[in-house]
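Below, each chain spelled out in residue letters.
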Amino acid sequence: MNAAATTLFLPCAAGVEALLADEVQRITGTPAETGRGGVWVPGDARLAMQLNLESRLAQRVLWPLADGPYRDEQDLYALARRVDWPAWITPAQTLRVDVAAQRSPLTSLNFAALRVKDAVCDALRETSGARPGVDTRRPDLPLALFVGPDHATLYADTSGEALFKRGWRTQQGEAPLKETLAAAMLAAAGWQGRAEDGPLLDPCCGAGTIAIEAAQIACGIAPGAKRGFAFERLRPFAPHLSAWRAMTRDAAARVRPSAVPLVAGDVSFRMTDFAQRNAERAGVAAAIEFRTMDALQRPPPAPRGTIVMNPPYGERIAPKGRGQGGQGGRSGDDRVAAREGFEGGDAATFFAALAAHWKRHYPGWTAWLLSPDMKLPGLMRLKESRRVPMWNGPIECRLFRFDITAGPHRGGAGP
């Protein structure tokens, strides 16, 4: 491997590409090129380590190994044999091959993964007489193969586990919001934890993902500070591990108290408790004020500020005392409604009442709401000032911005 120069690929959620390019340039000082589903940035081993540590929006940091045209699995085997595998791992280590396809003529992605694995094992057997093992959970060398209609690219995944796994979450609801998407919402809102950004509120916090991401930003905590990475076990990065240790020390030295208040809570005592415990593991419990409260009764914590929320559905809309996480209801940061749509009267009633509450008590605030329902402004009877396309996994969403002003709500006061 030439550790001096390559072009790294950082995949991200659809709709986040431009935000990720801005983040990469802010972290590294190097311009990034945006593409569908990610960005490319020229760099080396140290830059790959830095991006793993510092990026909040990327899903992984991928190191290109080989690319070229293909017609079948044998071509993929030949492509993989071009790589100097003994320079990457030893026979005592393990690997895993993940395959993603777009309009590929291949009939079996599992067989494509097997042929790439065979190429690695054959190369090691020829040079050392032994072959590496396969570990599907925590491999030393995770490989990512992308196959299109006629072109394939093979990457080493320097991250290992996806970067949204920050290392602090153990308590969550049924379908938690990914940390990378929460960070993208904050980035789109332009909230950076500075004094001039003002307070941040998430009145329906679920497991606390948005508030915890915001607190780590405000406190200068690197998103990768509490986890490990695959590159720490890869041979090409071994000469750079002293630099990696210096990076992590520098990151720890810049941690500071938050300059702005952060407030979060949920109607569910169970979810607020989850969020509090997650914040403790993330090192930001002291920076966030958690309180179990109905969003329709919560007073503003300051005269001005920013609301960032992934709106609730089902159980977490229920009045205080009913949202206890029991059977028969839905819970979690992300909602089942993302798949079902906001159907039925409960959601319409809740959003109309929430908008009325904001009009009465939150004039001067700015609210950012993520929703798969393109008609959310109509449900709230508010006019959005921005709508930012974002994808929550396979679900197309919009991040709506509402500039809250005083005055009567067009939908009335609500129940």
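S.K.: Give a detailed account of the overall build of the protein chain, specifying residues and quantitative values.
M.R.: Of the regular secondary structure elements, the protein chain holds 11 helices and 15 strands. Here the protein chain holds 415 residues, and 55% of them are scored as buried. For the protein chain, restricting intrachain contacts to residue pairs at least 6 apart in sequence, the fraction spanning at least 24 positions comes to 79%. Carbon together with sulfur atoms contributes 49% to the accessible area of the protein chain, which is approximately 17400 Å² in total.

S.K.: Account for the packing of helix H3 (residues 73-81) against helix H4 (residues 109-128), with residues named and values stated.
M.R.: Between H3 and H4, the least distance of the axes is 8 Å, while the angle of their chain directions is 35°. Crossing of H3 over H4 shows right-handed handedness. Contacts between H3 and H4 involve Glu73, Gln74, Leu76, Tyr77, Ala80 and Arg81 on the former and, on the latter, Phe111, Ala112, Arg115, Val116, Asp118, Ala119, Asp122, Ala123 and Glu126.

S.K.: Outline the sheet that holds strand S10 (residues 262-264), listing residues and values.
M.R.: To summarise the sheet geometry, strands pair through backbone hydrogen bonds and adopt either a parallel or an antiparallel arrangement. Pairing is mixed in the open sheet, where seven strands are placed in the order S11-S10-S9-S12-S13-S15-S14. Each having just a single partner strand, strand S11 (288-290) and strand S14 (386-392) make up the two edges of the open sheet. Between one strand and the next, the sheet's axes are offset by a mean angle of 20°, whatever the strand orientation. With three bridges joining them, S10 and S11 adopt parallel strand pairing.

S.K.: How would you sum up the packing of aromatic side chains? Please name residues and give values.
M.R.: In total, this model carries 11 aromatic pairs according to the counting rule given. Relative to Phe402, the ring of Phe400 lies with its centre 6.3 Å away and its plane at 25°, an arrangement referred to as stacked. What links up through ring pairs into an aromatic cluster is the set Trp63, Phe229, Phe231, Phe237 and Trp244. One cation-aromatic arrangement involves Lys178 over Phe164; the distance from NZ or CZ to the ring centre is 4.9 Å.

S.K.: Please give an account of the pattern of salt bridges that cites residues and values.
M.R.: Here the idea is simple: oppositely charged side chains can pair when their charged atoms come close. If you walk through the whole model with that rule in mind, you get 20 salt bridges. In this structure, the salt-bridge partner of Glu161 is Lys165, at a minimum N-O distance of 3.8 Å. The exposure class of Glu161 is partly exposed, given its relative accessible area of 47%. Under the relative-accessibility criterion, Lys165 is labelled partly exposed at 38%.

S.K.: Run through the pairing of strand S1 (residues 6-11), naming residues and quoting values.
M.R.: Walk down a regular strand and you will see the side chains alternate between the two sheet faces. Of all the six residues making up S1, five are buried; the element is thus mostly covered by neighbouring parts of the structure. Of the strand pairs in this sheet, S1 and strand S3 (residues 38-43) are connected by six bridges, and their pairing is antiparallel. Following the sheet pairing, Leu8 is matched in S3 by Val41.

S.K.: Account for unusual backbone geometry, with residues named and values stated.
M.R.: Non-glycine residue Arg103 carries a positive phi angle of around 55°. For Arg103, the location among the structural elements is in the loop between strand S5 (94-101) and H4. With phi around 55°, Arg381 is a residue other than glycine that occupies positive phi space. Its place among the elements puts Arg381 in the loop between helix H11 (376-380) and S14. Arg381 gets classed as partly exposed once you look at its relative accessible area, which sits at 35%.

Criteria and cut-off values
Residues numbered from 1 in each chain as written. Predicted model: local features only at pLDDT ≥ 70, side-chain atom pairs only at ≥ 80, totals over all residues. Heavy atoms only, no water. Helix = DSSP H or I, 4+ residues; strand = E, 2+ residues; numbered from the N terminus. Buried < 20%, exposed > 50% of the residue type's maximum accessible area, 1.4 Å probe, protein only. Contact = heavy atoms within 4.5 Å. Areas by Shrake-Rupley, 256 points an atom, 1.4 Å probe, with all protein chains shown as cover. Axes fitted to C-alpha atoms, helices over the stretch in contact; angles between N-to-C directions. Left-handed = near helix turned anticlockwise from the far one by under 90°. Pairing = 2+ DSSP bridges. Phe/Tyr/Trp six-rings, centres within 6.5 Å; stacked < 30°, edge-to-face > 60°. Lys NZ or Arg CZ within 6 Å of the ring centre and 35° of its normal. Salt bridge = Lys/Arg side-chain N within 4 Å of Asp/Glu carboxyl O.

As far as function goes, none of this settles anything; it's purely spatial.
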